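Residue-level listing of the chains:
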Amino acid sequence: MEKTDILSLAKEELEEKIVAIGEKKFRAKQIYEWLHTYKVEEFSKMTNLSAQLREKLDDIFWINSLKIQKRLVSNIDNTVKYLYGLSDGEKVETVVMEYKHGNSICISTQVGCKMQCKFCASTKAGFVRNLLPSEMLQQIYTSERDSGRRINHVVLMGIGEPLDNYDNVVKFLRILSEKEDMSLRHVSVSTCGLVNRIYELADLKLGITLSVSLHAPTNKLRSSVMPVNDRYPIEELMKACRYYFDTTGRRISYEFALIDGVNDNRESADALIKLLRGQNCHVNLIPVNEIKEGIFRRSESVEKFKQMLIDGGLNATVRRTLGADISAACGQLRRDNN
């Protein structure tokens, strides 16, 4: 009999399974606490359960875990980048960052990515599979355990397109919301613009922040760097984003990677101002991450571009670069260690 991935079960699902094997319902609460509060990785450590029950659990369930393949610590700002080994031998990346407001973690949602954005390292090694809810949770739990830092904010912006792994991501978010020490208002989900999923996510009203990887203000320019735009043009994406705000009341964050000579000029700034005018949104400017085989170069006009947006009435900031000395941007470590 194939064992059940117990860490991927929501609280209600665990209760049903524990009752089904002839145990009292309150046992599920104890087990859930061991898994998600104490974060144990072995049933033998659940010491308030009988030895008989622990053996029964071990026969029916398994606790998914990650192995630290590589750990890099920045000498500049204490950013920690992990390369995690999964149970099937695949690898993903996770980054823990220190801010004044607390510790933030950027987790991966897939092994590889299908989206083929031209400037992204994550897609270069190809798509392998979706991550399970347990594998997303363990990126948080293992990083907390290893670093000794309590995670306050979670960002789904690592390797993969979160909304392409929609069911597992939503399951992960629901499990995360059941934890007393985590509010989904402290969670951001990034997408390159899977419009159908944005509507579905909006209707769930989970309270998360939606970050949209825009990177260009026109269809012609966006399609040249992000193939997903051929499937979901900017007009459809903007309509979905307005629906998300109207439904959830949560402000959209637009990610805009500035590429030298491509989208960092006055023409692009004016087009972006026109596109986003009237929206309750925030523009997060990012100097593009240069990758080994890439043709794109980091813009030197980031501050100038930011001021153009502000003068045009948009709320714009430049993302703080963390972990520069350890290549903390996603995708490079996994690719170099394949």
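Just above, that's the structure.
Predicted, not measured: the structure shown is a model, and the values here were computed from it.

To continue, consider the packing of helix α6 (residues 195-204) against helix α9 (residues 234-248). Two elements in contact, α6 and α9, have axes whose closest approach is 9 Å; the angle formed by their N-to-C orientations is 5°. On the basis of the axis angle, α6 is roughly parallel to α9. Contact residues: α6 offers Val195, Ile198, Tyr199, Leu201, Ala202 and Asp203, while α9 offers Glu236, Leu237, Lys239, Ala240, Tyr243, Tyr244, Thr247 and Thr248. When grouped by side-chain class, the residues that make up the contact of α6 with α9 number nine nonpolar, two polar and three charged.

We now examine the packing of helix α1 (residues 11-20) against helix α2 (residues 25-36). It is the contact of α1 with α2, at a shortest axis distance of 8 Å, that shows an interaxial angle of 130°. As judged from the angle between their axes, α1 and α2 are oblique. The chirality of how α1 crosses α2 is right-handed. Facing α1, whose interface residues are Lys11, Leu14, Glu15, Ile18 and Val19, α2 presents Lys25, Arg27, Ala28, Ile31 and Tyr32.

Another point: helix α10 (residues 266-276). Buried residues of α10: Ser268, Ala269, Leu272, Ile273, Leu275 and Leu276, and no others. Taken end-on, α10 shows its buried residues confined to a sector of 165°, consistent with a single buried face. Across from the buried face of α10, at angles greater than 90 degrees, the exposed residues are Glu267 and Lys274. Each element contacted by the buried residues of α10 is listed here: α7 (219-225), α9, β12 (252-258), β13 (281-287) and α11 (302-311).

A word on the pairing of strand β6 (residues 102-107). The two faces of the sheet receive side chains in turn, since in a regular strand these alternate between them. The element β6 is extensively covered by neighbouring structure, given that six of its six residues are classed as buried. Linking strand β5 (residues 91-99) to β6, which pair antiparallel, is a turn of two residues. As judged from the five bridges shared by β6 and strand β9 (residues 151-156), these two strands associate in the parallel manner. Residue pairing in the sheet places serine 104 in a bridge with histidine 153 of β9.

In this section: α11. For an α-helix the count is 3.6 residues per turn, leaving residues at separations of three or four pointing the same way. Within α11, the full set of buried residues consists of Val302, Phe305, Lys306, Met308 and Leu309. With its buried residues spanning 160° around the axis, α11 presents them on a single face. With respect to the buried face of α11, the exposed residues turned more than 90 degrees away are Lys304 and Asp311. Residues of α11 that are buried sit in contact with β12, α10, β13 and β14 (316-318). Phi for glycine 313, located one or two positions after α11, is positive at around 95°.

Moving on, we come to unusual backbone geometry. Positioned with a positive phi, asparagine 78 is a non-glycine residue whose angle comes to about 70°. Relative to the helices and strands, asparagine 78 is located in the loop between β3 (67-73) and β4 (80-85). Of the residues examined, asparagine 78 reaches a relative accessible area of 38% and is grouped as partly exposed. Notably, lysine 205 is not glycine yet its phi reads approximately 50°, a positive angle.

Time to look at the packing of aromatic side chains. The description of an aromatic ring pair rests on the distance of the ring centres and on the angle between the ring planes. In total, this model carries four aromatic pairs according to the counting rule given. With centroids separated by 5.0 Å and ring planes inclined at 45°, the aromatic side chains of tryptophan 34 and tyrosine 38 adopt a geometry described as tilted. The class for tryptophan 34 is buried, based on a relative accessible area of 15%. Plain terms: the ring middles of tyrosine 199 and tyrosine 243 are 5.0 Å apart, the flat faces sit at 55° to each other, and that makes the pair tilted. Taken together, the residues span a long stretch of sequence, with tyrosine 199 in helix α6 and tyrosine 243 in helix α9 at a distance of 44 residues. Looking at tyrosine 243, the relative accessible area reads 31%, which means it is partly exposed.

The rules behind each value
- Residues numbered from 1 in each chain as written.
- Predicted model: local features only at pLDDT ≥ 70, side-chain atom pairs only at ≥ 80, totals over all residues.
- Heavy atoms only, no water.
- Axes fitted to C-alpha atoms, helices over the stretch in contact; angles between N-to-C directions.
- Helix = DSSP H or I, 4+ residues; strand = E, 2+ residues; numbered from the N terminus.
- Parallel < 35°, antiparallel > 145°, perpendicular 65-115°, else oblique.
- Contact = heavy atoms within 4.5 Å.
- Nonpolar A, V, L, I, M, F, W, Y, C, P; charged D, E, K, R; others polar.
- Left-handed = near helix turned anticlockwise from the far one by under 90°.
- Buried < 20%, exposed > 50% of the residue type's maximum accessible area, 1.4 Å probe, protein only.
- Arc of directions from axis to C-beta.
- Pairing = 2+ DSSP bridges.
- Phe/Tyr/Trp six-rings, centres within 6.5 Å; stacked < 30°, edge-to-face > 60°.

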